Amino acid sequence: MNPRLAAVLCFALMLSPAHGQEKVLNLYSARHYQTDEALYSNFTHQTGIRINRIEGKEEELVERIRNEGANSPADVFITVDASRLAQADAFGLFAPVRSALLEERIPAHLRDPESNWFAFSTRARVIIYNKLKLKAADVGNYEDLAKPALKGKLCSRSGAHPYNISLGAALIQHWGEVKTEEWARGVVANFARAPKGGDTDQIKAVAAGECDVALSNTYYLVRLLRSTKPEDRTMMEKVGVVWPNQSGFGTHINISGGGMLKTAPNKDAAVKFLEYLASDEAQAYFANGNNEWPVVKSAVIANPELKALGNFKADTLNVGELARTTAQAQKVFDRAGYR
Ligand code: FE
C-alpha cells in the first residue's frame with residue numbers, strides 16, 4: 001500500500017468512535033526531531049490526553065490543513081521557523097488563544113497579539129569559521145559575510161531556505177531594505193560554491209576547508225558537539241563559533257512554535273497542550289533533547305554542550321514582526337540572486 005494512504009487510513013482508525021470517550025489531541029507537527037517523543041508522552045502521562053501525531057514537511061502539513069478545511073481533525077500545528085508560522089497565519093489557520101499562563105511565561109517579544117501562535121524554543125543563527133583560516137574578529141558581524149575580504153570563502157545553504165529568509169527579515173528590520181539587498185549581493189559575490197545542503201553540510205564544508213565561513217543554527221552545532229563519533233569531535237575542533245553583532249542589535253534568533261487551529265475539534269485539549277509546552281518540564285525537553293533554548297526563564301537546562309556555547313546578546317526583535325517581514329526578505333534575496 002502507498003505509505004501515505006496507509007498513514008491516512010491508520011489516522012482515520014485512530015479517530016474512530018471506538019475511542020469516543022477518550023480524550024485526544026490531534027497534533028500536526030513539522031518538528032523533525034526524534035527527541036520530541038518524550039516531550040509528547042510526558043503530556044499524555046500528565047493529562048491522560050492521548051496524542052495522535054501526524055508528522056510531515058511544513059508546506060505539506062499547511063496544505064493538508066487547508067484541504068481538510070472545516071473537517072480537519074488537527075487541533076494544534078507546530079513547526080520551526082517564524083517564516084513558516086507566518087505562512088500558516090497568513091492563510092488564517094490559527095485561532096486566537098487567550099491564556100494568562102502563556103502570556104506570563106513566554107516573553108513578550110516571543111509572541112505577539114497579531115500572530116495567533118507562540119514561540120516555545122529559540123535557536124540562534126551564528127557564524128562559524130575555520131580556525132586555521134580566519135580569526136573570530138574577521139567575522140564578528142553579519143556585515144562581514146558580504147565584505148570583499150571573504151571573496152570565494154563563504155558556503156551557504158539556499159538563500160530561499162526559511163532559516164536564511166528569516167535572518168534577511170531581521171536585517172531588513174534593522175538596516176532597511178536597501179542595505180539588506182546590498183548585503184545579499186555581497187554574500188552571493190563571496191560564495192565558494194553554489195548554495196547546497198543543510199546547515200550541517202556547511203559546518204562539514206568549513207571544517208574540511210572547502211570554505212572558510214558559513215552560517216548555522218546553533219542546535220546543529222550542539223548536536224555535533226554531543227556526538228560520540230570521533231570524526232565529529234575532530235571536525236568540531238576545527239570550527240570556531242561567533243555570536244554575531246554583539247555590540248549592535250545582537251545575534252539573530254529564530255524559534256520553534258505553534259498554535260491552535262481555528263477548526264480544532266478538541267479546543268480544551270489544544271490549549272492545555274500549548275500551556276504544557278510552556279511548562280518548565282516541557283521546556284527542558286526542548287533544551288536537553290533538541291539543544292534549543294527554552295523561552296521560559298525558570299526552565300532548568302541539563303545540557304553541558306549547550307551551556308558550553310555560552311551566553312550571548314540575542315536580538316529582541318518581536319517574532320511576529322520578524323515573521324511578517326519574511327515575504328519582503330524573500331523578494332530582496334531573489335533580486336540579489338541569493339537563492
Ligand atoms: Fe533545522
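Residues numbered from 1 in each chain as written. Predicted model: local features only at pLDDT ≥ 70, side-chain atom pairs only at ≥ 80, totals over all residues. Heavy atoms only, no water.

Caption draft 1: Focus on the coordination of the iron ion. For the iron ion, the protein coordination sphere consists of Y163 (OH), Y219 (OH) and Y220 (OH), at 1.9 to 2.1 Å. All donors of the iron ion come from a single chain, and their spacing in sequence reads Y-x55-Y-Y. No difference in accessibility class separates Y219 from Y220, as the two residues are buried. (Donors = N, O, S within 2.8 Å, 3.2 Å for Na, K, Ca; no water. Buried < 20%, exposed > 50% of the residue type's maximum accessible area, 1.4 Å probe, protein only.)

Caption draft 2: Structural view of the domain arrangement of the chain. With domains assigned, the chain is organised as domain 1 (3-122 + 255-301) and domain 2 (123-252 + 323-336). Computed from C-alpha coordinates alone, the two centres of domain 1 and domain 2 are separated by 29 Å. For the pairing of domain 1 and domain 2, the buried interface totals around 1,400 Å² over both sides, and the portion due to carbon and sulfur atoms is 46%. Of all residues in domain 1, D81, N291 and W293 give up the largest surface area on contact with domain 2, accounting jointly for 35% of the area buried on that side. At the junction of domain 1 and domain 2, the tally comes to 3 salt bridges. Linking E292 and R123 is a salt bridge whose minimum nitrogen-to-oxygen distance equals 3.0 Å. Those elements that provide at least two residues to the side of domain 1 that touches domain 2 are α4 (82-90), β5 (115-130), β8 (253-260) and α12 (280-290). In the side of domain 1 that touches domain 2, the residues fall into 7 nonpolar, 10 polar and 5 charged. (Domains from an automatic or database assignment. Buried area = accessible area lost by both parts, 1.4 Å probe. Salt bridge = Lys/Arg side-chain N within 4 Å of Asp/Glu carboxyl O. Helix = DSSP H or I, 4+ residues; strand = E, 2+ residues; numbered from the N terminus. Nonpolar A, V, L, I, M, F, W, Y, C, P; charged D, E, K, R; others polar.)

Caption draft 3: Just the pattern of salt bridges, in detail. The full count for this structure, using the stated rule, is 21 salt bridges. Note that E114 and R324 form a salt bridge whose closest N and O atoms lie 3.7 Å from each other. One end of the pair, E114, is in the loop between β4 (111-112) and β5; the other, R324, is in helix α14 (residues 319-324), and 210 residues separate them in sequence. What makes E114 exposed here is its relative accessible area of 57%. The residue D212 makes a salt bridge to K133 at a minimum N-O spacing of 3.3 Å. Taken together, the positions of D212 in the loop between α8 (199-207) and β6 (213-217) and K133 in the loop between β5 and α6 (162-175) put the pair 79 residues apart, joining distant regions of the chain.

Caption draft 4: Just the environment of A100, in detail. Tracing the backbone through its elements, the reader meets A100 in helix α5 (residues 100-105). With 175 residues separating them along the chain, A100 and E275 place their C-alpha atoms 9.6 Å apart.

Caption draft 5: Geometry of the nonpolar core. Counting 108 residues, the largest nonpolar core has L25, F77, W183 and F273 as the members making the most contacts within it. At 9 residues, the largest contribution of residues to this core is made by β5. Counting contributing residues per domain, this core is built from domain 1 (3-122 + 255-301) and domain 2 (123-252 + 323-336), each supplying no fewer than three. Beyond its immediate stretch of four places on either side in the chain, W183 contacts Y142, E143, L145, A146, L167, L171, W175 and F333. (Core = buried A, V, L, I, M, F, W, Y, C linked by side-chain atoms within 4.5 Å. Contact = heavy atoms within 4.5 Å.)

Caption draft 6: Seen up close, α8. Within the sequence span of α8, burial applies to D199, Q202, I203, A205, V206 and A207. For α8, the secondary structure elements touched by its buried residues are β5, α6, β6, α9 (218-225), α10 (230-237) and β7 (239-242). Downstream of α8 by a residue or two, G209 has a phi angle that is positive, lying close to 80 degrees.

Caption draft 7: Broad picture of the packing of aromatic side chains. Under the defined criterion, the tally for this structure stands at 14 aromatic pairs. Seen in terms of ring centroids, F191 and Y338 are 5.8 Å apart; in terms of plane orientation they differ by 55 degrees. Their pairing is tilted. Here Y338 lies in the segment after α15 (326-336) and F191 lies in the loop between α7 (177-189) and α8, a separation of 147 residues in the sequence. Looking at F191, the relative accessible area reads 17%, which means it is buried. (Phe/Tyr/Trp six-rings, centres within 6.5 Å; stacked < 30°, edge-to-face > 60°.)

Caption draft 8: Structural context of the layout of surface pockets. As a volume, the largest pocket reaches approximately 520 Å³. Every residue lining the largest pocket is counted, 20 residues in all, and those nearest its centre are T122, W293, P294, K297 and F312. Contributing elements (two or more residues each) for the lining of the largest pocket: β9 (293-294) and α13 (304-308). Each residue belonging to the lining of the largest pocket can be placed in one class, and the counts come to 12 nonpolar, 5 polar and 3 charged. Empty space within the second largest pocket amounts to approximately 280 Å³. Contributing to the lining of the second largest pocket are 17 residues, with S83, R84, A86, Q87 and T326 lying nearest its centre. For the lining of the second largest pocket, the elements supplying multiple residues, two or more each, are α4, β5, α6, α14 and α15. For the lining of the second largest pocket, the element with the highest residue contribution is α4, accounting for 6 residues. Grouping the amino acids of the lining of the second largest pocket by side-chain chemistry returns 8 nonpolar, 5 polar and 4 charged. When residues of the lining of the second largest pocket are assigned to domains, at least three fall in each of domain 1 (3-122 + 255-301) and domain 2 (123-252 + 323-336). (1 Å grid on protein atoms, 1.4 Å probe; cavity = no way out; pocket = protein on both sides within 12 Å on 5 of 7 lines; lining within 4 Å. Points joined across faces, edges and corners; volume = space filled by probe spheres on them.)

Caption draft 9: Up close: unusual backbone geometry. The phi angle at D81 is positive, at roughly 85 degrees, despite the residue not being glycine. As for its position among the elements, D81 is in the loop between β3 (76-80) and α4. Here D81 falls in the buried class, since its relative accessible area comes to 1%.

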